[in-house]
Amino acid sequence: MDYKSSGVDIDLADKFVDRIKRMVGTTHDDRVVSGVSRFAALYRMDEKRLLAASTDGVGTKLKLAIETNTHDTIGIDLVAMCVNDLICTGARPMFFLDYFATGKLKLEVGESVLKGIVAGCRQGRLALIGGETAEMPGTYLEGDYDLAGFSVGEVFQQDLVDGSAVMPGQTIIGIASSGYHSNGYSLVRKLIEKSGNETLKSAALTPTRIYVDLIQSLREHMGTAVTGMANITGSGLLNVPRMNLAHSYHIDYMPTEDQLPPVMATLNKVSGLSEAELCRTFNMGVGFAFATTEPDKALTWLQAREEKAWVLGHVGNEDAGEVYLKGAKL
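Note that the structure is a prediction, hence the values are computed from the model and not measured.

Glancing now at the sheet that holds strand S1 (residues 32-34). Taking strand neighbours across the sheet as the criterion, the six strands line up as S1-S2-S3-S6-S4-S5 in an open arrangement whose pairing is mixed. Each edge of the sheet is formed by a strand with only one pairing partner; in this case those strands are S1 and strand S5 (127-135). Across the sheet, the mean angle separating the axes of adjacent strands is 20 degrees when strand polarity is ignored. In the packing of helix H4 (residues 107-123) onto the sheet, contacts are made with strand S4 (92-102), S5 and strand S6 (145-156), and the angle to S4 comes to roughly 165 degrees.

This next bit is on the pairing of S5. Alignment of S4 against S5, held across eight bridges, turns out to be parallel. For Asp98, the partnering residue across the bridge sits in S5 and is Gly131. Considered for its hand, the β-α-β crossover made up of S4, H4 and S5 is right-handed.

Note on placement: Asn244 falls in the loop between strand S8 (226-231) and strand S9 (248-251). Looking at Asn244, the relative accessible area reads 9%, which means it is buried. When neighbours within four sequence positions are excluded, Asn244 is seen to be in contact with Gly163, Ser164, Val166 and Tyr249.

About the criteria used
Residues numbered from 1 in each chain as written. Predicted model: local features only at pLDDT ≥ 70, side-chain atom pairs only at ≥ 80, totals over all residues. Heavy atoms only, no water. Pairing = 2+ DSSP bridges. Helix = DSSP H or I, 4+ residues; strand = E, 2+ residues; numbered from the N terminus. Axes fitted to C-alpha atoms, helices over the stretch in contact; angles between N-to-C directions. Contact = heavy atoms within 4.5 Å. Right-handed = clockwise from strand over helix to strand, strands pointing away. Buried < 20%, exposed > 50% of the residue type's maximum accessible area, 1.4 Å probe, protein only.

Written out as C-alpha cells, the structure is:
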C-alpha cells in the first residue's frame, strides 16, 4: 500500500502545477519576486520590504477529526501548514485569514474549530483578522466540513532567505516533527484501517508543530549562517531542494524507529513500504530542515533548548534539484 494506491497521485499534481505556471505568470507585475515554489510567494512593497504570503489546508486529516469528533486542534494544523511555509523566507508573520465551508453549520463544531485557529495564531504570532464561513448544502455530506488558511508576513530585504546563499558542502540539519503534521493522511487513514487499531486515530491527530518562535530565535543566534530553510510537508524529503534547486541534497541519516512519534513507527511497519517510499510521502520525524555553514553552533544551541535535531546530510553539486537518500536517488 502506497500513497498513489490510497488515492493521491503526487506526480500528477506536479504535472498540473507545471501546466498552469505560464497562465498564472500572465497575472504578475514587476513587484512579484517569486511564486510559491520556495514555500511562500514574495511581493515587493518598496526597496526595503517584501510581503510573503502562503495558503494551505489540512487535507484528509479532517476526516479523522470528524470521525473522532475532535475539532479543537485541527485549526492549529491549519495555521501551522501556512505559517511554517511562510517563515522559510525569513518573514515575520503578521496576519491570518481562514475559510470554513460546511453543508450545514453546527455552532459547537464551528466554535471548536475556531478555538484551534486562535490557538495556532497565538503560537504563530499572527493576528486573525478575518475569514469566511460558507454553508453549502448539497456540496458537503452531513457533518463534513473543509478548511483553508491564508497567512501574510513581512520581510526586509536584508533579512530575506531566498536560498541563494545555499552552497555545496553546507550541512543540512533537521528538527523533529510532532507527528505526521497534516500530510499523507489519505495513506495514514488506510494504514490505520489496515492495522485494525482504532485508537491510532487519536494519536494521528497530534497537531502540526508551529516553528515560528524557534526559527526566529535560531536565526537571531545564527545570523547569515542559516542559508536556506525547508518546511518538510507533502512529499517529505522532496521538499529539501526547494531551498535552492540549483544543487543536490544528500541525506545520510534519518531518525531511527525509537526517535519517531510512536504512531508513525507503528504505521510505518504496517505499510510495508521501503524507507525511500516513506520519505517521499511522510516527514519521517523531521518537520523542518535548514542548511547552515556552522552546524556545530546550531546543534549546540538547539540541544541547549532540549530540541531533537539531527545532522541529516549535506548540500552537493550533483544533479540539480535531486535528493539522494543514503546514496540512492530518491
